[in-house]
Amino acid sequence: MSIFGQFVARWTKFQIEEYVTPIYENLVYTRKGKTRESVNANYQRSCLFQDDTTINGGNLLTELSSTDKYFVVSKYKSTEAITGELRKVNAYAEISSLVKRFVGSSSTGYSKSIKSSNTPSYLYIVTAQSKYSDPGLLPTTTCKFLFKANLSDNATPITVEKADRIEFNSVAYQVDATDFIKYPNLCEIQCSLDTRQIK
């Protein structure tokens, strides 16, 4: 028997964002683990899904009581419960491609073409500790972004590619690597600071 019903007092209603007709489900969630590290306390959650859940990995959920948004990064089913992990949206970023401009044979900088604006994402700043614990990080990586894998702008599909630019909070980052495998229906992106000049 599922244990979800034992936590009825802690049910929190969420909306699944991907559907035209609103779909709502109850979740029980808590801070991930027992660590006091701020990134876990503020942005990472463990959760219980309701027994008949339609939520899948990669869904974007909105908590109705606070309007906070979360990505579903994992979902596991056992005989006792359907559990998972969430990452809280903490950045709304602009994604663009840059094209080098020339006058004759001389480069004069880059022009920018915006692919997506105000794009919900989970931003993780890379620290010395995370470089030690995550051997997959590139030496130049300063942060990682997590986006929906199937981004679109006015129904036009968008692909985040290496050397694209991501801007958040007046800081520009260059896409150095993309990973569409680690999290279902999501894309994890490694970035370095982008010093390319727009002209």
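Residues numbered from 1 in each chain as written. Predicted model: local features only at pLDDT ≥ 70, side-chain atom pairs only at ≥ 80, totals over all residues. Heavy atoms only, no water.

## Overview of the side chain of Q15
Link 1 in the chain: With respect to the helices and strands, Q15 occurs in strand 1 (residues 12–16).
Link 2 in the chain: Owing to a relative accessible area of 18%, Q15 belongs among the buried residues under this scheme.
Link 3 in the chain: Excluding anything up to four places from it in sequence, Q15 contacts P22, I23, Y24, L60, L61, T62 and L64. (Helix = DSSP H or I, 4+ residues; strand = E, 2+ residues; numbered from the N terminus. Buried < 20%, exposed > 50% of the residue type's maximum accessible area, 1.4 Å probe, protein only. Contact = heavy atoms within 4.5 Å.)

## Re the pairing of strand 9 (residues 143–148)
Link 1 in the chain: Of all six residues in strand 9, six are buried, a share of seventy percent or more.
Link 2 in the chain: Where strand 8 (residues 106–125) lies against strand 9, four bridges are found, and the strand directions are antiparallel. Counted as the bridge partner of Y122 is L146 from strand 9.
Link 3 in the chain: Pairing analysis gives six bridges linking strand 9 to strand 14 (residues 186–193), with the strands arranged antiparallel. The residue of strand 14 that forms the bridge with F147 is C187. (Pairing = 2+ DSSP bridges.)

## Side note on the sheet that holds strand 12 (residues 165–168)
Link 1 in the chain: Strand order in this closed barrel of six strands is 7-8-9-14-13-12, and the pairing throughout is antiparallel. Within the sheet, the average angular offset between the axes of one strand and its neighbour, ignoring direction, is 45°. (Axes fitted to C-alpha atoms, helices over the stretch in contact; angles between N-to-C directions.)

## Observations regarding the sheet that holds strand 6 (residues 82–88)
Where strands meet in a sheet, backbone hydrogen bonds hold them as pairs that are either parallel or antiparallel.
Link 1 in the chain: Here six strands make up a closed barrel; going around it, the order is 1-2-3-6-5-4 and the pairing antiparallel. Here the strands of the sheet are splayed against their neighbours by 45° on average, with no regard to which way each runs.
Link 2 in the chain: Pairing between strand 1 and strand 4 (residues 60–63): three bridges, direction antiparallel. Looking across to strand 4, one finds that F14 is bridged to E63.

## Topic: the packing of aromatic side chains
Link 1 in the chain: Across all of its chains, the model carries six aromatic pairs by this definition.
Link 2 in the chain: Centre to centre, the rings of F14 and Y29 are 5.8 Å apart; their planes meet at 75°, and the pair counts as edge-to-face. Linking F14 in strand 1 with Y29 in strand 2 (residues 23–31), this pair joins segments that are 15 residues apart in sequence. Of the two residues examined, F14 and Y29, each falls in the buried class.
Link 3 in the chain: Pairwise contacts between aromatic rings join F14, Y29 and Y70 into one cluster.
Link 4 in the chain: Taking the ring centre of Y110 as reference, the NZ or CZ of R196 above it sits at 5.6 Å. (Phe/Tyr/Trp six-rings, centres within 6.5 Å; stacked < 30°, edge-to-face > 60°. Lys NZ or Arg CZ within 6 Å of the ring centre and 35° of its normal.)

## Let's talk about the pattern of salt bridges
Link 1 in the chain: In this structure the tally under the stated criterion is 13 salt bridges.
Link 2 in the chain: The shortest N-O distance in the salt bridge between E188 and K144 comes to 3.5 Å. In this pair, E188 is assigned in strand 14 and K144 in strand 9, connecting sequence segments 44 residues apart. The same class applies to E188 as to K144, namely buried.
Link 3 in the chain: Taking the shortest distance from any N to any O, the salt bridge between D194 and R196 comes out at 2.7 Å. (Salt bridge = Lys/Arg side-chain N within 4 Å of Asp/Glu carboxyl O.)

## Thoughts on the confidence of the model for the protein chain
Link 1 in the chain: Here the protein chain averages 88 in pLDDT, while 92% of its residues score no lower than 70.
Link 2 in the chain: Between the elements of the protein chain, mean pLDDT differs from a low of 66, seen in strand 10 (residues 152–153), to a high of 97, seen in strand 12. (pLDDT = per-residue confidence, 0-100.)

## Topic: the nonpolar core
Link 1 in the chain: With 16 residues, the main nonpolar core has F145, F147, I166, I189 and C191 as its most contacted residues.
Link 2 in the chain: If you list the elements that add at least two residues to this core, you get strand 7 (91–103), strand 9, strand 13 (171–179) and strand 14.
Link 3 in the chain: Sequence-distant contacts of I166, that is, excluding residues within four places in its chain, are made with A93, E94, I95, F145, F147, V171, A172, Y173, V175, I189 and C191.
Link 4 in the chain: Counting twelve residues, the second largest nonpolar core, distinct from the first, contains F14, Y29, I82 and L86. (Core = buried A, V, L, I, M, F, W, Y, C linked by side-chain atoms within 4.5 Å.)

## Focus: unusual backbone geometry
Link 1 in the chain: Positive phi outside glycine occurs at T67, with the angle close to 65°.
Link 2 in the chain: For T67, the location among the structural elements is in the loop between strand 4 and strand 5 (69–77).
Link 3 in the chain: The class for T67 is exposed, based on a relative accessible area of 57%.
Link 4 in the chain: Positive phi values are uncommon outside glycine, yet S170 reaches one of about 65°.
Link 5 in the chain: Within the element layout of this structure, S170 appears in the loop between strand 12 and strand 13.
Link 6 in the chain: For S170, a relative accessible area of 79% puts it in the exposed group.

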